[in-house]
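Chain by chain, the residues run as shown.
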Amino acid sequence: MQLTTTFSDGRIEHGFGFVIGERDDLLYDVTARHVVRNDADPGVTTQQVQARFASDRGNTYPARPLGVTYCNIDLTLLEILRPFPSYAWEPRCTGMTPARGERVWFIGRSRDWWIPLDAVAGVIEEEPILGELSVQISSVLPGSSGAPLFTADGIVGMIVSDSAENVAAISLEIIQQIITRRWKYPWGLQLFSAAAPQPDPTPKPTVVPTAQPTAAPTNTPEPTPTAMLTIRSNVHEDQVFVNGVYSGATRLDIELPLGPHVIRIEKAGYLPFEQTIDLQTASTIRAVLEPEPTPTPTATPTPRGPAQGDVWTEPKTGMEFVWVEGGCFKMGSPDSEPGRYSDEGRVHEVCLDGFWMGKYEVTTAQTMKGIP
């Protein structure tokens, strides 16, 4: 199916996906995670995902990203309601693990169900390493992410890097393991096989089966037990870190191995939330992030002026001055004062600002220094 995702910043991403299982009337579609989610900028959210089916190209149907993640693999799952009652998909379509040099094709480019001709088919450059397929194929263009990659035997992987210079895909084997063992969702794909031969009407003699020796049990390693952790918070557009690794934003459902895990949630303007959980069964963390306290402005101290008795040395003359605080006093002589002169009246108040007064008498040398 062809997918169109609209993000909160107005950007639109195109890609493809294919059905891998169903449950009741719900279809489960696998695609590249970056087609439906912007992990590079946690502030950008997914607004909607619309799907078009190859058998009903004129209509679009809403698809819901399930939010599941596993390590740093570019893989996620969508849930889509069966588009119409008669819709059916073909589960017998997978091939064996491809070998180096095997020819491959893909379905989906530029929002169309495009398949390259044999002349521009690609090849497997390296056999799968840790679930990744290295593919050489020049006909891939942006918008092919999530497209099924197939050999002559059937689907063997999914394209996750749609640059013609660097095409990469995830093997179908690792996709199946993640979906069924980690995420616990249904898987319905089966190996592709040619049409079954018609039965031969000629009667055959009855053969009595002979007892077969019992095969020795093989030591198949037990899968790592896991549980689903649901993480919620009271804010939007936050960042969730699981054991120090960025894992998305709330609301987040993530499957983790049993045991202790450190969950940290951050958002600008809020104090971080951190909790260690010993995961043994399906659990939920409901985080409450508190706003950061508003910082109290620090008062800038007012520079202190000179105080009574402070001494200052004038740099040019070397003279010492003492600070005299300002104040008010009564100037003049009252009429009743004995021996006063007539020009010493009247009594009035005089106020002066503080000033510097020479501590000693001025010397001739100091006077000469002060003359320009």
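Summarised in this report is the structure supplied together with it. (Residues numbered from 1 in each chain as written. Predicted model: local features only at pLDDT ≥ 70, side-chain atom pairs only at ≥ 80, totals over all residues. Heavy atoms only, no water.)

### A short note on the sheet that holds strand E18 (residues 245-248)
Piece 1. Ordered in space as E18-E17-E20-E21, the four strands form an open sheet in which the pairing is antiparallel. Every interior strand has two partners, whereas the edge strands, E18 and strand E21 (273-279), have only one. This sheet shows a mean twist of 30 degrees between the axes of neighbouring strands, independent of strand direction.
Piece 2. Sheet analysis places strand E17 (residues 239-242) next to strand E20 (residues 259-266), joined by four bridges and oriented antiparallel. (Pairing = 2+ DSSP bridges. Helix = DSSP H or I, 4+ residues; strand = E, 2+ residues; numbered from the N terminus. Axes fitted to C-alpha atoms, helices over the stretch in contact; angles between N-to-C directions.)

### Notes on the sheet that holds strand E1 (residues 2-7)
Piece 1. Strand order in this open sheet of seven strands is E2-E1-E5-E6-E7-E4-E3, and the pairing throughout is antiparallel. Each having just a single partner strand, strand E2 (12-16) and strand E3 (18-23) make up the two edges of the open sheet. Averaged over all neighbouring strand pairs, the angle between strand axes comes to 35 degrees, with direction disregarded.
Piece 2. In this sheet, strand E7 (residues 76-81) lies alongside strand E6 (residues 56-65) in antiparallel orientation, the contact comprising two bridges.

### Concerning unusual backbone geometry
Piece 1. Between Thr 250 and Arg 251 the backbone carries a cis peptide bond, its omega angle lying at 10 degrees.
Piece 2. By the element assignment, Arg 251 lies in the loop between E18 and strand E19 (252-257).
Piece 3. Of note, Lys 184 is a non-glycine position whose phi angle comes to about 60 degrees, a positive value.
Piece 4. By the element assignment, Lys 184 lies in the loop between helix H2 (172-182) and strand E15 (190-191).
Piece 5. Notably, Asn 243 is not glycine yet its phi reads approximately 55 degrees, a positive angle.
Piece 6. In this structure, Asn 243 sits in the loop between E17 and E18.
Piece 7. On the basis of relative accessibility, which here comes to 43%, the residue Asn 243 falls in the partly exposed class. (Buried < 20%, exposed > 50% of the residue type's maximum accessible area, 1.4 Å probe, protein only.)

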